Each structure stands twice: as structure tokens, then as C-alpha cells.
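Chain residues, written in single-letter form:
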There are 2 protein chains.
Amino acid sequence: MTLNLPFKQIDVFTATPFKGNPVAVVNCMDVEESDVTTEQLQSVANWTNLSETTFLFKPTLKECDYKLRIFTPANELPFAGHPTVGSCRAYLQFKNIKNATAIKQECGVGIVDLSVEGDKISFVAARADVEEVSDSLVESYKTAIGVPYVNRPSLMQTGPAWFVYLVDDADTCLNLNLNLANLKQVCDAAQHSGVILAGPRKSAEGIEYEMRALFTVPDTSFEDPVCGSGAVALLRYLQTIHNYDETVNVHITQGRRVHRNGHINGCIKVDPSNGAVSYHVGGSSVAVINGEITL
Amino acid sequence: MTLNLPFKQIDVFTATPFKGNPVAVVNCMDVEESDVTTEQLQSVANWTNLSETTFLFKPTLKECDYKLRIFTPANELPFAGHPTVGSCRAYLQFKNIKNATAIKQECGVGIVDLSVEGDKISFVAARADVEEVSDSLVESYKTAIGVPYVNRPSLMQTGPAWFVYLVDDADTCLNLNLNLANLKQVCDAAQHSGVILAGPRKSAEGIEYEMRALFTVPDTSFEDPVCGSGAVALLRYLQTIHNYDETVNVHITQGRRVHRNGHINGCIKVDPSNGAVSYHVGGSSVAVINGEITL
């Protein structure tokens, strides 16, 4: 059966088309999930060649607004950051919803809470766990990266396993010429998803970091333009260093090495009643392609 | 100025969606070329993440049907194979042309002649030049590829510079596990675009080859799903071996190692009046995404 389904390609973490990270979103809310096979969804995602393609379905949990299935060209993911922000934007537009402030997304990790404020959508990280790494692994990364770290790096389990490596400042981060093949060897041996490089930028407006995400996948590695789970990893890492006891906002810029100019609004939120910490990542997004896809 | 332009993503060298090679096509025929900048077009192509994104403009040469500009994520190309087939398909659909048999495309290499027959569109190669390579380079490729060649390989200048390497049979071609990083080193040192691997398949219906295209680009290399200029290179190479004095059809299958199933109709056409040889490459194509893009 041929299905013609509503389609959008959303640019995420930017208000300016082509400056953020794209995600392809297929609206399957008017069909049943059983009308399509996982193989079919995977073949769409393999073909778009985007880091992620998502499919909106009717939720199976009654408290949720939609169910999201997320695919890379190679496999299905339980969660991903920029696809979540972009898919929520697409959902609001497909359904012509203009006044939402809170959205619940059903996906592989369970329920993800999203908040909508003007043109910005943020999600609360479902997972942000710190994992220690050995001294020898830290040294291997240091050799592959080629500049010293300013705090002992460690691994953040955010869905993807990001090795977070802080350098002196934003310019050092931006100017670093990385050998992706060397870096991939270290990541592969350690079974890490990739490396988050970040350096602080002096700003009168608060805490600001330049970030880069080096993502390894089977056969290759690439620099991800603007990375939601990477931002979660950076926020979680900053909390291990600073141990904030009050909520702080962290503005993250990313993508200038790959012709983008992404802006991520990060927030380390401390609940004053019990000290519980949550990690919030969001930003603007804009629909660039609007149409239909034939499955 | 925001421009909303008609957009299609066409799957090329297949009649089945998601089994060919995609190209994104933007219809700029109702605006002036001066309404957009090269930078803008490049930023679209950088963002789609497809091997090529194309832009249809009004032709400047009166004998042509349209002018095509072709961009990879990194730069503009004078010509490319599957984008030409896919862009012609998009042109016919945008203009609702149903009875065309011949189309002239204006592009960086000049005028490219296309023929339309049912759902198939073919182009005549504007360039297919043979270039000899040194013995030591052949040996470097052999080491990187890891299986023997059946005829001395050589370089085909088709726009991209393809090193064509024939192996025993279709299965050998399909089953070969390539180390793309090693292969990229040899290609980079020789300033070649990549490697075309091909092996013949026994077929009652004529000449048939399984083909694979290993494309190197700055920072990485990838296996191209179904490759038009690669098919030109293979046809030209076969002509150096067999020196056909009559027209032959060559059916090329490609993409099964990267979840596709492409079919290319190749033809080495010998003009009986003067023996002149031309190389024709075509196949089916299908519009998978139809809509608008905001520039």
C-alpha cells in the first residue's frame, strides 16, 4: 500500500534556516503504527541521509501528546535531543497548536517532558549519568585531541555515551583541527559514541560555551552541527565541576566549523525544595521543507 | 527576502522509493538567478546532507529547457550524473510535461542531452577520457582493495576522476569488505575522486555488472549508493578493453551493500556511419518528497 504522509524538515537550534541541525519528520498520526513496518521506517531514514529521521504516531500512553520513533540511517534510537525539539515543533505545526506550554513525548526512554515558550522548545534530559574512565584512556584521548584539558574529562551517559573534554576557551575549541580518524579509533576501542569538546567564552550575559560534537558511527565519524544530547552531557559535566546549588543558565553555541551557527539554551535546574538537579536543553527551530512523502 | 520555492526529493536509478540515490531539487524557474546568491545555494546543499542538491533556473541558452546548478555539501559541480537524471524528472513534473522525448540541460560543462523514454531518462556523457596511471599506483590500489584485478585498472576522467578496478565477478565485488580509510589515503595521494569496483554477472539478458563506488571527500569517504558518473567511467573502461564496434547495452546494478537496489541502464553507442562512440547512462526515477522549501 502506498502511503502519502505529511512531511517536514525542521532546522533545530536556530531561528535562521540552514544554520541549525536538520531533522526529517513524518506525520503518521492519521495512520496506525501497524500500517508501517520498522523496516520501512528504517529505509526512509537510511535514504534521507540525515543524522535522524523521526515518525510521529498517536500516543499509546494517554497522558502523552504523541509517540515518537527516532531512526539514524543505521538503527532506531530510544531518544535523541535535536530530533525531539524538531519533532515537537513539527507536531505543533501539523496540528496547528498555537498555545501549548507543556508537551509530553512518548518514546523509547519513556515519557520526555517538553516545555514551549515562544519559538523555543526545551526537553528535560531523561538520562545524564557520570561514568569514570581510566587514566590511560584519558591520556589516549588527550593524544588524539592534541590540546590539554582544563579539568579531568569523564564520560556522560546521556543515551549516547559522550566523552566530555573541556579546553581553555571558546577560541581553542573552535580553532582545533581534529583528526577524526584518530579520534574514532579511541572512541571505538572505548565503545564511546563520541567526544564533546567545549571551551568557555567570556560573556557579560552569563555562562557561555562554544561546543563541538565529534560523533563516531560504523565506518566513519563526523562533526555533528548542533547536538542536543551533547549539550546534556556538557551541562552534566559542568555540574560535576561546579556543583551548583542554584539554577544556572548555560548558553551554548555550536556548528561554526561546519557552516552552521546553532544556539542551545541549556539550564541546570536546582529544585530549591529538595536540591534535585535536572538538565534542560532547548532552543528555536524552524520548518524549512513542508510537503508530503510517499512511503 | 524570504523565498518559498517548489521542492522535490527524487530517488534516482530506481522505480521503488528509497532504493535509489536521492537528490534534492529546488525549482527556481519562477525567480531570477540574481534573486539568490551562490552562498545561499551552497548553504542549502550543506544542510540537506545529500551527496547533491540542485537548482533549476530559466535557461540562458535559448536551445535549452532549463539551466541546472549542482552543489555537494562542500562545493558547486559543473556536472553530476544521478542529479542530472533526478533534476530532469523534477523539471518534467514541475512543468507537468508528459510527452517530452528530448531535453537539453544547460550546466557547468555546457549542454547535456537527455532522452526520455517512458519512466526512464538518460544523459549522454559530456566527458569520458582515459588517463594512464603508474604501475606503483596500481599496486597501491591493489593493496588497499585487497583482491586482484582482472584487467589492468586505469583512471577515467568523467568530471569526477574515477579509478576503475574490475574484479572476477559480481559476487566478489559485492562481498568485498573495504577499508575506506586505507582507500581514501591512496585516492587522496593520487588526487582521484574515488574508486569504481565492478564485476560481471552471468545473465541471459546481455551484459550485466555489479558496481560499487567509493567516493572520497574532504575529511571522509563513503560508499555512493548508485552513481551516474561512475557508470560512465565503467562504460568507458569496458570500451578500452572490448573496443566494441557495435552498440551494446550494459545493465549495471548497484547499492546492495548500502541498503539500496539501484538499476542503471548503460549504453556504449557506436555510430555506424563514422564509428564515433558515446556513453549513455540512465534509469528510472521517482519523486518521494514533494513540497516547498523556504530560502
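Remember, it's a predicted structure, so these values are computed and weren't measured experimentally.

Conventions used here
Residue positions are counted from 1 within each chain, in the order its sequence is given. To read the labels, note that chains go from A and ligands from 1, taken in the order they are written. At least 70 in pLDDT is required for a residue's local features to be given in this predicted model, at least 80 for side-chain atom pairs to be given and counted, and no such filter applies to totals for whole chains, interfaces and linings, which use all residues. Only heavy atoms go into the side-chain values, all of them from the structure, while hydrogens and water stay out. Burial classification: accessible surface area is computed with a 1.4 Å probe over protein chains only, and a residue below 20% of its type maximum counts as buried, one above 50% as exposed, and the rest as partly exposed. Helix and strand definitions here come from DSSP, where helices need a minimum of 4 consecutive H or I residues and strands a minimum of 2 consecutive E residues; each element is numbered from the N-terminal end. Between any two strands, at least two bridges found by DSSP are needed for them to pair. Residue ranges assigned to the domains are those given by an automatic or database domain assignment. Pairs of residues are marked as contacts when any of their non-hydrogen atoms sit within 4.5 Å. Note on definitions: buried area is the accessible-area loss of two parts on being combined, 1.4 Å probe, summed for both. For this analysis, a salt bridge means a side-chain nitrogen from Lys or Arg found within 4 Å of a carboxyl oxygen belonging to Asp or Glu. Two N or O atoms count as a polar contact when they lie within 3.5 Å, although within protein this holds only if one can serve as hydrogen donor and the other as acceptor, and sequence-adjacent residues are included solely when both atoms are side-chain atoms. A pair of aromatic rings is counted whenever rings of Phe, Tyr or Trp (Trp by its six-membered ring) have centres within 6.5 Å, and the orientation is called stacked for planes under 30 degrees apart, edge-to-face for over 60 and tilted otherwise. A ring has a charge above it when a Lys NZ or an Arg CZ is no more than 6 Å from the ring centre and no more than 35 degrees off the ring normal.

### Section: the pairing of strand E11 (residues 161-166) of chain A
Looking along a regular strand, one sees the side chains alternate between the two faces of the sheet.
Residues and elements named next belong to chain A.
Point 1. Counting buried positions along E11 gives 6 out of 6 residues, so the element sits mostly inside the fold.
Point 2. The side-chain alternation of E11 yields two buried faces, one formed by Ala161, Phe163 and Tyr165 and the other by Trp162, Val164 and Leu166.
Point 3. Two strands pair when backbone bridges link them, and strand E10 (residues 154-157) and E11 are joined in this way by 4 bridges, in the antiparallel orientation. Directly across from serine 154, in E11, lies its bridge partner valine 164.
Point 4. Hairpin connection from E10 to E11: 3 residues lie between these consecutive antiparallel strands, with glycine 159 at a positive phi of about 110 degrees.
Point 5. Bridging between E11 and strand E12 (residues 194-200) involves 5 bridges; their strand directions are parallel. Counted as the bridge partner of leucine 166 is alanine 198 from E12.

### As for the domain arrangement of chain A
All names here are of chain A.
Point 1. Examined at the domain level, chain A breaks down into domain 1 (4-124 + 284-294) and domain 2 (129-283).
Point 2. Centre-to-centre separation of domain 1 and domain 2, based on C-alpha positions: 24 Å.
Point 3. Between domain 1 and domain 2, the residue contacts involve 19 residues of the former and 21 residues of the latter.
Point 4. Across the interface of domain 1 and domain 2, roughly 1400 Å² is buried in total on both sides, 55% from carbon and sulfur atoms.
Point 5. It is Phe13, Lys19 and Phe123 in domain 1 that bury the most area against domain 2; as a group they hold 41% of the surface buried on that side.
Point 6. Counting the contacts that link domain 1 with domain 2 gives 0 salt bridges.

### Observations concerning unusual backbone geometry
A negative phi angle characterises most non-glycine residues, just as the trans form characterises most peptide bonds.
Point 1. Despite not being glycine, phenylalanine 13 of chain A has its phi angle at roughly 70 degrees, a positive value.
Point 2. Here phenylalanine 13 of chain A lies in the loop between strand E1 (4-12) and strand E2 (21-27).

### Details of the side chain of arginine 212 of chain A
Residues and elements named next belong to chain A.
Point 1. The topology assignment puts arginine 212 in strand E13 (residues 207-217).
Point 2. Within the structure, the side chain of arginine 212 is placed 2.8 Å from the backbone oxygen of leucine 176, a separation counted as a polar contact.
Point 3. Once residues lying within four places of it in the same chain are set aside, the contact partners of arginine 212 are Cys173, Leu174, Leu176, Leu178, Val195, Ile196, Leu197, Glu223, Gln254 and Arg257.

### Considerations on the packing of aromatic side chains
Point 1. What the rule picks out here adds up to 16 aromatic pairs over all chains.
Point 2. On the numbers, 5.3 Å between centres and 90 degrees between planes, the contact of tryptophan 47 of chain A with phenylalanine 18 of chain B is edge-to-face. Here the residue tryptophan 47 of chain A occupies a position in helix H1 (residues 38-48), and phenylalanine 18 of chain B occupies one in the loop between strand E1 (4-12) and strand E2 (21-27), the pair thus bridging two chains. Taken individually, tryptophan 47 of chain A and phenylalanine 18 of chain B each receive the classification buried, so the pair is uniform in this respect.
Point 3. With a centroid separation of 5.3 Å and 70 degrees between ring planes, the pair formed by phenylalanine 79 of chain B and phenylalanine 123 of chain B is classed as edge-to-face. Here phenylalanine 123 of chain B lies in strand E8 (residues 120-124) and phenylalanine 79 of chain B lies in the loop between strand E5 (76-77) and helix H2 (81-94), a separation of 44 residues in the sequence. The pair formed by phenylalanine 79 of chain B and phenylalanine 123 of chain B is uniform in burial state, with each residue classed as buried.
Point 4. It is lysine 8 of chain A that lies over the ring of phenylalanine 94 of chain A; its NZ or CZ is 5.2 Å from the centre.

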